[in-house]
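A closer look at the structure
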Amino acid sequence: MTLRRQSTDPAHDVPMDDVPMDDAPTDVVPLDDEIPPDALAHLRAVCLSFPDAYEEPAWTGIRWRVRTRTFAHVYRTDLTRSSAPAARAMTTTAGLSTTLTFRSHGEEFEALTSAGAPFFQLSWGANVVGMRLDGTTAWDEVRELLTESYCVQAPKRLAARVLTETRPGSAEA
């Protein structure tokens, strides 16, 4: 089992891959073993690249936040039991699916929630989009969606930094 040290500053959590369970400190939380490791690796690479972003365990799955606002959340769910009709329409025979939720706004929110699979509108939150992650997920698109989600949730100063860095012609683009 992989562990992560929980510090008072969640942005500085420390991986503890080779600590025997008997020697493990008491301030560690097991990582969510249900999230496919490849999906988790992609999401971490994107989400933790944003200023002041940090990862933490959620009531289910893992979420990424800026300050106290969640901009991404990944978890396993049984979509057959979802209250969102669009989510139920995308179930597999087993019903279990990896779901990513993020924030969007305006025309993009309308386009995503009207597009159908892999996107769906959740029954909570005025600007929350659900996305089913699977072997066909376009990770470049996920990066763009999470960048927008971060900017929707982040303070204006931090959002402006990200938008400047991602514009074509910028030093880091």
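One structure accompanies this document, and this report is about it. Note that the structure is predicted; figures quoted are calculated from it, not measured. (Residues numbered from 1 in each chain as written. Predicted model: local features only at pLDDT ≥ 70, side-chain atom pairs only at ≥ 80, totals over all residues. Heavy atoms only, no water.)

1. Regarding the overall build of the protein chain
When you go through the protein chain residue by residue, the secondary structure sums to 5 helices and 9 strands. Taken from the N to the C terminus, the helices and strands of the protein chain come in the order β-β-β-α-β-β-β-α-β-α-β-β-α-α. Sorting the 173 residues of the protein chain into buried and exposed places 42% on the buried side. By sequence separation, contacts in the protein chain at least 24 residues apart represent 50% of the contacts at least 6 residues apart. With the model as given, the accessible surface of the protein chain reaches about 9600 Å², and the carbon-plus-sulfur share is 51%. (Helix = DSSP H or I, 4+ residues; strand = E, 2+ residues; numbered from the N terminus. Buried < 20%, exposed > 50% of the residue type's maximum accessible area, 1.4 Å probe, protein only. Contact = heavy atoms within 4.5 Å. Areas by Shrake-Rupley, 256 points an atom, 1.4 Å probe, with all protein chains shown as cover.)

2. Notes on the environment of T166
Positionally, T166 belongs in helix 5 (residues 156-166). Sequence separation between T166 and E144 is 22 residues, and the spatial gap between their C-alpha atoms is 9.5 Å.

3. What to know about the pairing of strand 5 (residues 62-66)
Burial of strand 5 is extensive: 5 of the 5 residues sit out of reach of the surface. Of the two faces of strand 5, both are covered, the one formed by I62, W64 and V66 as well as the one formed by R63 and R65. Relative to strand 5, strand 4 (residues 53-57) is paired through 5 bridges, and the arrangement is antiparallel. Opposite E55, over in strand 5, you have W64 as the bridge partner. (Pairing = 2+ DSSP bridges.)

4. Quick look at unusual backbone geometry
The omega torsion of the bond from A117 to P118 falls at 10°, within 30 degrees of zero and hence cis. If you trace the backbone, P118 turns up in the loop between helix 3 (106-115) and strand 8 (119-121). The residue D52 is not glycine, and still its phi comes out positive at about 60°. Note that D52 resides in the loop between helix 1 (37-47) and strand 4. Positioned with a positive phi, R67 is a non-glycine residue whose angle comes to about 60°. One can find R67 in the loop between strand 5 and strand 6 (69-78).

5. Quick word on the packing of aromatic side chains
Applying the stated criterion across every chain, the model contains 3 aromatic pairs. Seen in terms of ring centroids, F50 and F71 are 5.8 Å apart; in terms of plane orientation they differ by 70°. Their pairing is edge-to-face. Of this pair, F50 sits in the loop between helix 1 and strand 4 while F71 sits in strand 6; the two residues are 21 residues apart in sequence, bridging distant segments of the chain. Residues F50 and F71 agree in their burial class; the two are buried. Ring centres 5.3 Å apart and planes at 90° place the aromatic pair F71 and Y150 in the edge-to-face group. (Phe/Tyr/Trp six-rings, centres within 6.5 Å; stacked < 30°, edge-to-face > 60°.)

6. Structural notes on the nonpolar core
Judged by nonpolar contacts, the single largest core of 31 residues is most densely connected at W64, F71, V74, L100, F102, L146 and Y150. Elements represented by at least two residues in this core include exactly helix 1, strand 5, strand 6, strand 7 (96-103), helix 3, strand 9 (128-133), helix 4 (139-153) and helix 5. Excluding its chain neighbours within four sequence positions, the residues that come into contact with W64 are L40, L43, R44, C47, L48, Y54, E55, R69, T70, F71, A72 and V74. (Core = buried A, V, L, I, M, F, W, Y, C linked by side-chain atoms within 4.5 Å.)

7. Quick look at the pattern of salt bridges
The full count for this structure, using the stated rule, is 4 salt bridges. With its nearest N and O atoms 2.7 Å apart, the salt bridge here joins R44 to E55. Here E55 lies in strand 4 and R44 lies in helix 1, a separation of 11 residues in the sequence. One connected set of salt bridges, linked through shared partners, spans E56, R63 and R65. (Salt bridge = Lys/Arg side-chain N within 4 Å of Asp/Glu carboxyl O.)

8. A few points about the packing of helix 4 against helix 5
Axis separation between helix 4 and helix 5 bottoms out at 8 Å; the angle between their running directions is 150°. Relative to helix 5, the element helix 4 is oriented roughly antiparallel. Read as a crossing pair, helix 4 and helix 5 show a hand that is left-handed. Contacts between helix 4 and helix 5 pair T147, Y150 and C151 from the former with L158, A159, V162, L163 and T166 from the latter. Here the contact of helix 4 with helix 5 is built from residues that sort into 6 nonpolar, 2 polar and no charged. (Axes fitted to C-alpha atoms, helices over the stretch in contact; angles between N-to-C directions. Parallel < 35°, antiparallel > 145°, perpendicular 65-115°, else oblique. Left-handed = near helix turned anticlockwise from the far one by under 90°. Nonpolar A, V, L, I, M, F, W, Y, C, P; charged D, E, K, R; others polar.)

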